[in-house]
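So you can see what is in the structure, the chains are spelled out below.
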Amino acid sequence: MSELNLVLLGPPGSGKGTQGERLQEDFRLPYWATGDILRAAVREGTDLGREAKEYMDRGDLVPDDVMVGVIADRVSGHEAADGFILDGFPRTTPQAEALDRELEDVGKQLTVALMIDVPDEEVMRRLGGRRTCVKEGHVFHVDFDPPKHENVCDICGSRLIVRDDDKPEVIRHRLEEYHSKTEPVIAHYEDTGILRRVDGARAPDEVGDRIRAILATLKMEEEL
Ligand code: AP5
(Lines give C-alpha, C1' and ligand atoms only; values in the text may rest on other atoms or scores of the structure.)
Protein backbone atom coordinates (compact mmCIF):
# COMPACT_ATOMS: atom_id res chain seq x y z
CA MET A 1 0.00 0.00 0.00
CA SER A 2 1.35 3.42 -0.86
CA GLU A 3 0.23 4.87 2.46
CA LEU A 4 -1.62 3.21 5.34
CA ASN A 5 -3.90 5.62 7.21
CA LEU A 6 -5.75 3.30 9.55
CA VAL A 7 -8.30 3.72 12.34
CA LEU A 8 -9.14 0.99 14.86
CA LEU A 9 -12.76 0.96 16.02
CA GLY A 10 -14.58 -1.25 18.49
CA PRO A 11 -16.12 -1.31 21.96
CA PRO A 12 -14.03 -0.86 25.11
CA GLY A 13 -11.97 -3.99 25.65
CA SER A 14 -12.38 -5.29 22.10
CA GLY A 15 -8.59 -5.54 21.74
CA LYS A 16 -7.79 -2.29 19.91
CA GLY A 17 -4.71 -1.69 22.05
CA THR A 18 -3.60 -5.34 21.81
CA GLN A 19 -3.86 -5.36 18.02
CA GLY A 20 -2.60 -1.78 17.70
CA GLU A 21 0.73 -2.79 19.28
CA ARG A 22 1.06 -5.63 16.75
CA LEU A 23 0.22 -3.36 13.81
CA GLN A 24 2.78 -0.86 14.99
CA GLU A 25 5.44 -3.61 15.03
CA ASP A 26 4.39 -4.88 11.57
CA PHE A 27 4.22 -1.51 9.83
CA ARG A 28 6.56 0.73 11.86
CA LEU A 29 4.09 3.61 11.64
CA PRO A 30 3.22 6.21 14.27
CA TYR A 31 0.57 4.77 16.59
CA TRP A 32 -1.63 7.18 18.51
CA ALA A 33 -4.05 5.80 21.11
CA THR A 34 -6.12 8.67 22.49
CA GLY A 35 -6.79 6.83 25.77
CA ASP A 36 -3.01 6.42 26.33
CA ILE A 37 -2.37 10.07 25.40
CA LEU A 38 -5.03 11.21 27.91
CA ARG A 39 -3.80 8.89 30.70
CA ALA A 40 -0.23 10.22 30.21
CA ALA A 41 -1.59 13.79 30.43
CA VAL A 42 -3.41 12.91 33.67
CA ARG A 43 -0.19 11.42 35.12
CA GLU A 44 1.80 14.51 34.13
CA GLY A 45 -0.88 16.87 35.48
CA THR A 46 -1.11 18.94 32.27
CA ASP A 47 -4.13 21.17 31.41
CA LEU A 48 -5.36 18.44 29.06
CA GLY A 49 -5.07 15.82 31.82
CA ARG A 50 -6.90 17.98 34.37
CA GLU A 51 -9.73 18.62 31.89
CA ALA A 52 -10.03 14.99 30.75
CA LYS A 53 -9.78 13.21 34.11
CA GLU A 54 -13.31 13.78 35.39
CA TYR A 55 -14.83 12.57 32.12
CA MET A 56 -12.61 9.49 32.01
CA ASP A 57 -13.26 8.53 35.64
CA ARG A 58 -17.01 8.56 34.96
CA GLY A 59 -16.63 6.64 31.70
CA ASP A 60 -17.93 9.62 29.69
CA LEU A 61 -16.38 10.70 26.43
CA VAL A 62 -14.12 13.76 26.58
CA PRO A 63 -15.62 16.69 24.57
CA ASP A 64 -15.07 16.61 20.81
CA ASP A 65 -13.23 19.94 20.53
CA VAL A 66 -10.63 18.76 23.06
CA MET A 67 -10.10 15.43 21.26
CA VAL A 68 -9.90 16.95 17.78
CA GLY A 69 -7.24 19.31 19.15
CA VAL A 70 -5.26 16.30 20.40
CA ILE A 71 -5.22 14.48 17.05
CA ALA A 72 -5.44 17.11 14.27
CA ASP A 73 -1.80 18.24 14.14
CA ARG A 74 -0.51 14.69 14.48
CA VAL A 75 -2.29 13.18 11.46
CA SER A 76 -1.50 16.11 9.18
CA GLY A 77 2.11 16.51 10.35
CA HIS A 78 5.44 15.29 9.03
CA GLU A 79 5.53 12.24 11.31
CA ALA A 80 2.47 10.81 9.51
CA ALA A 81 4.00 11.22 6.02
CA ASP A 82 3.98 7.43 5.40
CA GLY A 83 0.78 6.77 7.30
CA PHE A 84 -0.50 6.31 10.85
CA ILE A 85 -2.51 4.05 13.14
CA LEU A 86 -5.23 5.66 15.28
CA ASP A 87 -6.74 3.79 18.23
CA GLY A 88 -9.77 5.26 20.02
CA PHE A 89 -10.27 8.18 17.63
CA PRO A 90 -12.70 9.03 16.11
CA ARG A 91 -15.37 8.08 18.63
CA THR A 92 -18.22 10.37 17.52
CA THR A 93 -19.54 11.50 14.15
CA PRO A 94 -18.25 15.09 14.64
CA GLN A 95 -14.77 13.63 15.37
CA ALA A 96 -14.96 11.48 12.21
CA GLU A 97 -15.97 14.48 10.11
CA ALA A 98 -13.19 16.62 11.60
CA LEU A 99 -10.64 13.88 10.79
CA ASP A 100 -11.88 13.67 7.18
CA ARG A 101 -11.51 17.47 6.81
CA GLU A 102 -8.07 17.54 8.42
CA LEU A 103 -6.79 14.84 6.05
CA GLU A 104 -8.45 16.40 3.01
CA ASP A 105 -6.65 19.69 3.75
CA VAL A 106 -3.30 17.92 3.29
CA GLY A 107 -4.43 15.84 0.28
CA LYS A 108 -4.89 12.58 2.19
CA GLN A 109 -7.68 10.23 3.14
CA LEU A 110 -8.21 7.23 5.38
CA THR A 111 -7.24 3.88 3.88
CA VAL A 112 -9.24 1.60 6.17
CA ALA A 113 -11.41 1.63 9.30
CA LEU A 114 -10.99 -1.71 11.10
CA MET A 115 -13.90 -2.56 13.36
CA ILE A 116 -13.05 -5.17 16.03
CA ASP A 117 -16.39 -6.63 17.03
CA VAL A 118 -16.95 -8.13 20.52
CA PRO A 119 -20.24 -8.67 22.43
CA ASP A 120 -20.90 -6.73 25.66
CA GLU A 121 -20.63 -9.83 27.96
CA GLU A 122 -17.13 -10.52 26.64
CA VAL A 123 -16.16 -6.86 27.23
CA MET A 124 -17.19 -7.21 30.90
CA ARG A 125 -15.06 -10.38 31.27
CA ARG A 126 -12.03 -8.90 29.55
CA LEU A 127 -11.92 -5.55 31.30
CA GLY A 128 -12.57 -7.14 34.69
CA GLY A 129 -9.31 -9.13 34.30
CA ARG A 130 -7.21 -6.55 32.49
CA ARG A 131 -3.94 -5.40 34.04
CA THR A 132 -2.12 -2.38 32.61
CA CYS A 133 1.47 -1.31 33.27
CA VAL A 134 1.84 2.06 34.97
CA LYS A 135 4.80 3.21 32.93
CA GLU A 136 4.01 2.49 29.26
CA GLY A 137 0.46 1.14 29.24
CA HIS A 138 1.32 -2.43 28.11
CA VAL A 139 -1.72 -4.64 28.50
CA PHE A 140 -2.19 -8.13 30.04
CA HIS A 141 -5.11 -10.26 31.21
CA VAL A 142 -5.06 -12.42 34.34
CA ASP A 143 -6.53 -15.42 32.43
CA PHE A 144 -6.18 -14.78 28.67
CA ASP A 145 -2.71 -13.21 28.57
CA PRO A 146 -1.08 -13.46 32.02
CA PRO A 147 2.28 -11.80 32.72
CA LYS A 148 5.19 -14.15 33.54
CA HIS A 149 5.43 -12.71 37.07
CA GLU A 150 2.29 -11.60 38.87
CA ASN A 151 1.66 -7.83 38.64
CA VAL A 152 4.95 -7.14 36.80
CA CYS A 153 5.08 -6.01 33.15
CA ASP A 154 6.95 -8.53 30.93
CA ILE A 155 8.07 -5.73 28.62
CA CYS A 156 9.29 -2.87 30.81
CA GLY A 157 9.28 -4.42 34.33
CA SER A 158 6.96 -1.79 35.79
CA ARG A 159 4.02 -2.45 38.11
CA LEU A 160 0.69 -3.73 36.72
CA ILE A 161 -2.50 -2.05 37.96
CA VAL A 162 -6.29 -2.14 37.41
CA ARG A 163 -7.29 0.99 35.47
CA ASP A 164 -9.65 3.36 37.37
CA ASP A 165 -12.25 3.04 34.61
CA ASP A 166 -12.17 -0.80 34.67
CA LYS A 167 -14.60 -0.98 37.60
CA PRO A 168 -17.83 -2.84 36.62
CA GLU A 169 -20.18 0.18 36.91
CA VAL A 170 -17.82 2.39 34.87
CA ILE A 171 -17.37 -0.33 32.22
CA ARG A 172 -21.17 -0.51 31.83
CA HIS A 173 -21.35 3.25 31.30
CA ARG A 174 -18.49 3.16 28.76
CA LEU A 175 -20.47 0.54 26.84
CA GLU A 176 -23.56 2.82 26.84
CA GLU A 177 -21.43 5.68 25.51
CA TYR A 178 -20.05 3.35 22.84
CA HIS A 179 -23.48 2.17 21.65
CA SER A 180 -25.01 5.65 21.54
CA LYS A 181 -22.10 7.79 20.31
CA THR A 182 -19.50 5.57 18.60
CA GLU A 183 -21.72 3.12 16.69
CA PRO A 184 -22.81 5.92 14.30
CA VAL A 185 -19.13 6.29 13.32
CA ILE A 186 -19.24 2.71 12.00
CA ALA A 187 -22.13 3.69 9.71
CA HIS A 188 -20.11 6.72 8.55
CA TYR A 189 -17.26 4.46 7.35
CA GLU A 190 -19.67 1.90 5.92
CA ASP A 191 -21.07 4.72 3.75
CA THR A 192 -17.61 5.75 2.54
CA GLY A 193 -16.75 2.09 1.76
CA ILE A 194 -13.62 1.76 3.91
CA LEU A 195 -15.07 -0.26 6.81
CA ARG A 196 -13.73 -3.78 7.38
CA ARG A 197 -15.04 -5.95 10.26
CA VAL A 198 -13.05 -8.46 12.29
CA ASP A 199 -14.46 -10.99 14.77
CA GLY A 200 -12.69 -9.86 17.94
CA ALA A 201 -14.08 -12.71 20.06
CA ARG A 202 -11.38 -15.05 18.71
CA ALA A 203 -7.94 -15.49 20.29
CA PRO A 204 -5.53 -12.52 19.92
CA ASP A 205 -3.29 -14.33 17.37
CA GLU A 206 -6.29 -15.28 15.23
CA VAL A 207 -7.59 -11.71 15.30
CA GLY A 208 -4.11 -10.48 14.34
CA ASP A 209 -3.91 -12.95 11.42
CA ARG A 210 -7.34 -11.88 10.17
CA ILE A 211 -6.29 -8.22 10.28
CA ARG A 212 -3.10 -9.02 8.33
CA ALA A 213 -5.21 -10.87 5.71
CA ILE A 214 -7.55 -7.88 5.33
CA LEU A 215 -4.62 -5.49 4.86
CA ALA A 216 -2.94 -7.85 2.38
CA THR A 217 -6.17 -8.00 0.34
CA LEU A 218 -6.40 -4.20 0.32
CA LYS A 219 -2.82 -3.98 -0.93
CA MET A 220 -3.53 -6.46 -3.73
CA GLU A 221 -6.67 -4.55 -4.75
CA GLU A 222 -4.65 -1.33 -4.87
CA GLU A 223 -2.07 -2.93 -7.16
CA LEU A 224 -4.64 -4.29 -9.66
P1 AP5 B 1 -9.49 4.10 25.82
O2 AP5 B 1 -8.24 3.87 26.57
O3 AP5 B 1 -9.42 4.28 24.34
O4 AP5 B 1 -10.49 2.94 26.22
P5 AP5 B 1 -11.45 1.99 25.36
O6 AP5 B 1 -11.81 2.32 23.98
O7 AP5 B 1 -12.57 1.85 26.29
O8 AP5 B 1 -10.58 0.79 25.08
P9 AP5 B 1 -9.75 -0.01 26.05
O10 AP5 B 1 -8.36 0.57 26.17
O11 AP5 B 1 -10.49 -0.19 27.34
O12 AP5 B 1 -9.74 -1.44 25.36
P13 AP5 B 1 -9.04 -1.98 24.03
O14 AP5 B 1 -10.04 -2.13 22.95
O15 AP5 B 1 -7.80 -1.22 23.71
O16 AP5 B 1 -8.70 -3.45 24.54
P17 AP5 B 1 -7.33 -4.08 25.06
O18 AP5 B 1 -6.43 -4.39 23.93
O19 AP5 B 1 -6.77 -3.27 26.19
O20 AP5 B 1 -10.26 5.38 26.39
C21 AP5 B 1 -10.41 5.61 27.78
C22 AP5 B 1 -11.22 6.87 28.00
O23 AP5 B 1 -10.56 8.02 27.41
C24 AP5 B 1 -12.64 6.88 27.38
O25 AP5 B 1 -13.59 6.25 28.21
C26 AP5 B 1 -12.88 8.39 27.24
O27 AP5 B 1 -13.23 8.99 28.46
C28 AP5 B 1 -11.50 8.92 26.84
N29 AP5 B 1 -11.30 8.97 25.36
C30 AP5 B 1 -10.34 8.32 24.64
N31 AP5 B 1 -10.44 8.62 23.33
C32 AP5 B 1 -11.48 9.47 23.22
C33 AP5 B 1 -12.11 10.12 22.11
N34 AP5 B 1 -11.67 9.96 20.86
N35 AP5 B 1 -13.18 10.92 22.35
C36 AP5 B 1 -13.64 11.11 23.60
N37 AP5 B 1 -13.11 10.53 24.70
C38 AP5 B 1 -12.03 9.71 24.52
O39 AP5 B 1 -7.88 -5.50 25.62
C40 AP5 B 1 -8.72 -5.56 26.77
C41 AP5 B 1 -8.36 -6.81 27.62
O42 AP5 B 1 -8.71 -7.99 26.90
C43 AP5 B 1 -6.86 -6.93 27.93
O44 AP5 B 1 -6.71 -7.46 29.21
C45 AP5 B 1 -6.32 -7.90 26.85
O46 AP5 B 1 -5.21 -8.65 27.34
C47 AP5 B 1 -7.54 -8.80 26.61
N48 AP5 B 1 -7.68 -9.22 25.22
C49 AP5 B 1 -7.43 -8.49 24.10
N50 AP5 B 1 -7.72 -9.21 22.99
C51 AP5 B 1 -8.20 -10.41 23.44
C52 AP5 B 1 -8.71 -11.58 22.78
N53 AP5 B 1 -8.77 -11.64 21.44
N54 AP5 B 1 -9.13 -12.62 23.56
C55 AP5 B 1 -9.07 -12.56 24.91
N56 AP5 B 1 -8.60 -11.48 25.59
C57 AP5 B 1 -8.17 -10.42 24.86
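Residues numbered from 1 in each chain as written. Predicted model: local features only at pLDDT ≥ 70, side-chain atom pairs only at ≥ 80, totals over all residues. Heavy atoms only, no water.

Some remarks on the overall build of the protein chain
Okay, so step 1: Looking only at helices and strands, the protein chain features 8 helices and 8 strands.
Okay, so step 2: By the compact-globule yardstick of 17 Å for 224 residues, the protein chain fits well, its C-alpha radius of gyration being 17 Å.
Okay, so step 3: With respect to the three principal axes, the spread of C-alpha positions in the protein chain is 50 × 40 × 30 Å.
Okay, so step 4: In the protein chain, which comprises 224 residues, the proportion classed as buried is 46%.
Okay, so step 5: In the form shown here, the protein chain has an accessible surface area of approximately 11500 Å², with 49% of it arising from carbon and sulfur atoms.
Okay, so step 6: The average position of the 30 basic charges and that of the 47 acidic charges among the side chains of the protein chain differ by 5 Å. (Helix = DSSP H or I, 4+ residues; strand = E, 2+ residues; numbered from the N terminus. Rg over C-alpha atoms; globule rule 2.2 N^0.38 Å. Buried < 20%, exposed > 50% of the residue type's maximum accessible area, 1.4 Å probe, protein only. Areas by Shrake-Rupley, 256 points an atom, 1.4 Å probe, with all protein chains shown as cover. Lys, Arg positive; Asp, Glu negative; His and termini not counted. Charge placed at Lys NZ, Arg CZ, Asp CG, Glu CD.)

Here's the deal with helix 1 (residues 16–27)
Okay, so step 1: Its 12 residues give helix 1 an end-to-end C-alpha distance of 16 Å, which sits within 8% of 16 Å, the value for a rise of 1.5 Å per residue.
Okay, so step 2: Residues Lys16, Gln19, Gly20 and Leu23 constitute the buried set of helix 1. Angular distribution of buried residues about the axis of helix 1 spans 105°; they occupy a single face of the element.
Okay, so step 3: Lining the buried residues of helix 1 we find strand 1 (4–9), strand 2 (31–33), strand 3 (83–87), strand 4 (112–117) and helix 8 (204–223).
Okay, so step 4: Arg28 sits one or two positions beyond helix 1 and adopts a positive phi of about 55°. (Expected span 1.5 Å × (residues − 1). Arc of directions from axis to C-beta. Contact = heavy atoms within 4.5 Å.)

A closer look at the site of the ligand
Okay, so step 1: Around the ligand sit 35 residues, and of these Thr18, Asp60, Arg91, Arg130 and Arg174 come closest.
Okay, so step 2: Thr34 places a polar side-chain atom, nitrogen or oxygen, 2.8 Å from a nitrogen atom of the ligand.
Okay, so step 3: One of the backbone nitrogen or oxygen atoms of Val62 is found 3.0 Å away from a nitrogen atom of the ligand.
Okay, so step 4: Its free accessible area being 1000 Å², the ligand has 96% of it covered by the protein chains.
Okay, so step 5: Elements with a contribution of two residues or more to the shell around the ligand: helix 1, helix 2 (34–44), helix 6 (120–128) and strand 6 (139–141). (Near = heavy atom within 4 Å. Polar contact = N/O pair within 3.5 Å; in protein donor to acceptor, adjacent residues only side chain to side chain.)

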